[in-house]
Amino acid sequence: MKRILQTPISEQEARDLHVGDVIYITGAMFTARDEAHLKMLEEGEPFPVSGLALYHCGPVVRKDTAGWKIVSAGPTTSARMEIFEDRFLERFPVRAIIGKGGMGEKTLAALRKVGAVYTHYTGGAGALAAQAISDITDVHWLSELGMPEAVWVLSVKEFGPLTVTMDAHGESLYTTLGETVHENMQAIHDRIERGE
Amino acid sequence: MNDEELIRQLVAAIRKAETVLGKDVVLALKEASEAESGTARVQLETMLENVTAARDGSIPMCQDTGIQTFIVRVGAKYPGLSSLRSQIIQAVRRATVEIPLRPNTVHPFTGENPGDNVGEHVPYISWEIVDGDRCVIELLPKGGGSENCAALGMLSPGVGIKGVKRFIVDHVVGCAGKPCPPGIVGVGIGGGADLCLKLAKLSLLRPVGARHPEENVASLEVELRDLINGSGIGPMGMGGKTTCLDVHIEYAHRHPASLPVGIVYQCWADRRARVTIDAGGKIEVI
């Protein structure tokens, strides 16, 4: 059975999640990349974001007579946001971050402190992601930041599969995997050296 | 030469590249999916579902529709040469609205985005003048996440081929999930700093699974692919057996004091298309 989280997500619901869990999100989420993070830290939130999901995404959108429509909306590389995500989380307590590629130690510590998770959505799967987005309910800073960097507020239904890869207990799939890869690399270097 | 018809076909080629993943890549993803289990398999299955959704809906498979890139090999006697640049630029502007594409050209100093995927030196057009009267245009729209994982190594020739292997494997594995693996690792060896990177990018035009015609280069491609896949990085950097679908290598002769190695990574959404035009104006989109 699908594990579906409805926004606003509570701190307890976020703390109940563990690395490896697969979830789907229904409700409201918003996009923010590099520029929107900076602007929110400088100017404050353009609308109340507490308890929502933060999506690292710069979508393709189209405007028709009925308004804005999502065309393609997969995740962007989260590592770029590592430089300010801890400050962002402490100031704007979202409960789930959706991105790709994972984040670092500073974000992991902030997830633990605030009570939130980092979840991974398959990079590049923009067409599939668009199918789970039923509506664009609002957009902020579009003229200043442009389409990819603006804050798009999305209404989503069973958005996923999202794999929890960093949880509020200090666990990170990337740390564990990093250790395995490090061991494998020693064997790979030996093979190169021996010329096999 | 009918200008309007060529622009229309160039837009069709951009649409094809952005919305339909090549059979070679789909096959490689399917094979990888069958070999994996758990999270790795979920990632590959999601990619394949996404490929179907993009093709059926004629929508970009990835929201990062890339920097529009055209590799043009044009015959010296091709009659439409003088208007080709402007036709490509017009096609990019039109495709941005019609498909649509994400406006991806940002002024590096002011941050201004003109909104039409056109700007200084962009779309990127690589020109090569060849014999004859035909024109072949290869499209390689390239996303930012994978392009950020490009690298240049100006190695000391003394490190030899072992040093080249170490540089490539260490770099690709170090990028982990960032370039959306499993993708294609393009490698250029020799030439100079710019040429090795260009060769790396051009190597991506080759289909997945197609080997370099020289046997020793071909075997190095296979060896590097297997070494990288032994790392355990896996699909989307979440662990697994498939970190890359293929390695493609091109080379140039090098200066005695230099051993340049360029790496250009292409994500699993390995978007490509080709337009051929003959002297009579007959256009084909492949």
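Below is a short write-up of the structure.

Further remarks concern the nonpolar core. In globular proteins that are soluble, nonpolar side chains generally tend to be buried together. A:Phe30 and A:Phe159 are the most contacted members of the largest nonpolar core, which has 120 residues in total. For this core, the leading source of residues is strand 9 (residues 151–166) of chain A, giving nine residues. Core analysis: the second largest hydrophobic core is formed by 27 residues, B:Leu84, B:Ala95, B:Leu101 and B:Ala273 among them.

Looking only at helix 6 (residues 142–149) of chain A, the buried set comprises A:Leu145, A:Gly146, A:Met147, A:Pro148 and A:Glu149. Among the structural elements, helix 2 (34–43), strand 4 (60–64) and strand 9 of chain A are those in contact with the buried residues of helix 6 of chain A.

Now for the packing of helix 2 of chain A against helix 6 of chain A. All names here are of chain A. Interhelical geometry of helix 2 versus helix 6 gives an angle of 140° and a closest axis separation of 9 Å. In this view, helix 2 runs oblique relative to helix 6, as classed from their interaxial angle. Each of Asp 34, Glu 35, Ala 36 and Lys 39 in helix 2 lies in contact with helix 6, whose residues at this interface are Glu 144, Leu 145 and Glu 149. A class-by-class count of the residues in the contact of helix 2 with helix 6 yields two nonpolar, no polar and five charged.

A few words now on the packing of aromatic side chains. Residue and element names in this part refer to chain A. Scanning the model with the defined rule gives six aromatic pairs over all chains in all. Ring centres 5.8 Å apart and planes at 90° place the aromatic pair Phe 30 and Phe 47 in the edge-to-face group. Of this pair, Phe 30 sits in strand 2 (residues 22–31) while Phe 47 sits in the loop between helix 2 and strand 3 (53–55), and the two are 17 residues apart along the sequence. A residue is classified by how much of its surface remains accessible, and Phe 30, at 0% relative accessible area, is buried.

Counting residues at the interface gives 44 residues for chain B and 43 residues for chain A. Where chain B abuts chain A, roughly 3,400 Å² becomes buried across the two surfaces, and 63% of that area is made up of carbon and sulfur atoms. Contact with chain A buries surface across chain B, with B:Gln63, B:Arg102 and B:Met238 losing the most and accounting together for 18% of the total. Here chain B and chain A share two salt bridges between them. Linking A:Glu193 and B:Arg166 is a salt bridge whose minimum nitrogen-to-oxygen distance equals 2.7 Å.

Next up on the list: the layout of surface pockets. Residue and element names in this part refer to chain B. When its volume is computed, the second largest pocket comes out at roughly 350 Å³. Every residue lining the second largest pocket is counted, 18 residues in all, and those nearest its centre are Gly 22, Asp 24, Arg 272, Ala 273 and Ile 286. Elements with a minimum of two residues in the lining of the second largest pocket: helix 1 (3–19), helix 2 (23–35), strand 3 (135–139) and strand 8 (273–277). At three residues, the largest contribution of residues to the lining of the second largest pocket is made by helix 2. Its residues placed into classes, the lining of the second largest pocket shows nine nonpolar, one polar and eight charged.

Let's shift gears to unusual backbone geometry. Residues and elements named next belong to chain B. Residue Pro 123 is bonded to the preceding Val 122 through a cis peptide linkage, with omega at 5°. Inspection of the secondary structure puts Pro 123 in the loop between helix 4 (81–98) and strand 2 (124–130). Look at the link from Pro 181 to Pro 182: it is a cis peptide, with omega at 5°. If you check the backbone angles, Ser 58 has positive phi at about 50° while not being a glycine. Mapped onto the secondary structure, Ser 58 falls in the loop between helix 3 (38–57) and strand 1 (69–75). For Cys 180, which is not glycine, the phi dihedral falls at a positive 60°.

The rules behind these values
- Residues numbered from 1 in each chain as written.
- Chains lettered and ligands numbered in written order.
- Predicted model: local features only at pLDDT ≥ 70, side-chain atom pairs only at ≥ 80, totals over all residues.
- Heavy atoms only, no water.
- Core = buried A, V, L, I, M, F, W, Y, C linked by side-chain atoms within 4.5 Å.
- Buried < 20%, exposed > 50% of the residue type's maximum accessible area, 1.4 Å probe, protein only.
- Helix = DSSP H or I, 4+ residues; strand = E, 2+ residues; numbered from the N terminus.
- Contact = heavy atoms within 4.5 Å.
- Axes fitted to C-alpha atoms, helices over the stretch in contact; angles between N-to-C directions.
- Parallel < 35°, antiparallel > 145°, perpendicular 65-115°, else oblique.
- Nonpolar A, V, L, I, M, F, W, Y, C, P; charged D, E, K, R; others polar.
- Phe/Tyr/Trp six-rings, centres within 6.5 Å; stacked < 30°, edge-to-face > 60°.
- Buried area = accessible area lost by both parts, 1.4 Å probe.
- Salt bridge = Lys/Arg side-chain N within 4 Å of Asp/Glu carboxyl O.
- 1 Å grid on protein atoms, 1.4 Å probe; cavity = no way out; pocket = protein on both sides within 12 Å on 5 of 7 lines; lining within 4 Å.
- Points joined across faces, edges and corners; volume = space filled by probe spheres on them.

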